[in-house]
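# Chain and residue survey
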Amino acid sequence: MATVQAKSTDRILQKALELFSSKGYEATSVREICEAAGITKPTLYHFYGSKEGVYKALVDGALEDFRRELIARLEEPGPAPERLKRVARGYFENAQEHREVMRFIFSVIHNPPSSAPKTDFTRFYDAVVAEIGRCVEDGISRGELAPGPTDIRLLVFMGALGESLCGSIITGRPELTPTLADSLVNSIIEGWR
C-alpha cells in the first residue's frame, strides 16, 4: 500500500512540476494536474489538500531535502576543505538529479512574488550559508585556513557554486562534475590559506 501511495504522490508532483514549469503556477488548474497524473480531485486533495499544497510539497520539500543533505555532508568528519568539497559535490549532484525542480525554483525566485505561493527562500538560504560558515570558521580555528572575513568567503564560495549552477541551467555549461566541484573548492581554498 505504501509503495502505491508513494508512486501516486511522486506522479502528482512530477506532473504538477511539468505543468507549473510550462504554464506557470497561476495558469495551472487542479483539474489539469489531476488529468496529467491520472488521478481524481479527491485523491489530490487527500494527499495535498490543494494546489498550493502540491506546490509546497514540491518546492519546500525539495529545498528541505537539499538543506538536509548538505548539512549531513558538512557534519561528516574531516578537514574543512574536504567538507567544503563534499558540499560542492552535493550541490552539483542535486542540481543534476533534480534539474527541472531547480529550474522551476529559479523561475519562481525571479518572478513577481504573486506568481506562486510564498516560499521563505531567505530562511532556506540563510540556514545553508550559516552551516557552511560554521565549517569555514572551524577550519580557521583548526589552522586549516588562514584567518579572514567569513562573510566575504561565503560570498565567494556560494557565488562560485551559484554561477556554475546558473550557467549549467541556462547554457548547459559548465558540466556539473565532481572534478569541477573539487577544482572550484581547491581554487577558493588556496586563497584562504
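Residues numbered from 1 in each chain as written. Predicted model: local features only at pLDDT ≥ 70, side-chain atom pairs only at ≥ 80, totals over all residues. Heavy atoms only, no water.

Turning our eyes to something else, we now look at helix α5 (residues 80–97). Relative to the 26 Å expected for 18 residues at 1.5 Å per residue, α5 spans 25 Å between its end C-alpha atoms, a close match to the ideal helical length. By the criterion of burial, α5 is predominantly enclosed, with 13 of the 18 residues buried. (Helix = DSSP H or I, 4+ residues; strand = E, 2+ residues; numbered from the N terminus. Expected span 1.5 Å × (residues − 1). Buried < 20%, exposed > 50% of the residue type's maximum accessible area, 1.4 Å probe, protein only.)

Moving on: the pattern of salt bridges. Side chains that carry opposite charge are capable of pairing whenever their charged atoms lie near each other. Evaluated as defined, the whole model comprises 17 salt bridges. Between R31 and E35 there is a salt bridge whose closest N-O contact spans 3.1 Å. Highlighted residues: R31 and E35, both in helix α2 (residues 30–37), separated by 4 residues, approximately one helical turn. Residue class for E35 comes out exposed when judged on its relative accessible area of 54%. Between R89 and D182 there is a salt bridge whose closest N-O contact spans 2.7 Å. One end of the pair, R89, is in helix α5; the other, D182, is in helix α9 (residues 178–192), with 93 residues separating them in the sequence. (Salt bridge = Lys/Arg side-chain N within 4 Å of Asp/Glu carboxyl O.)

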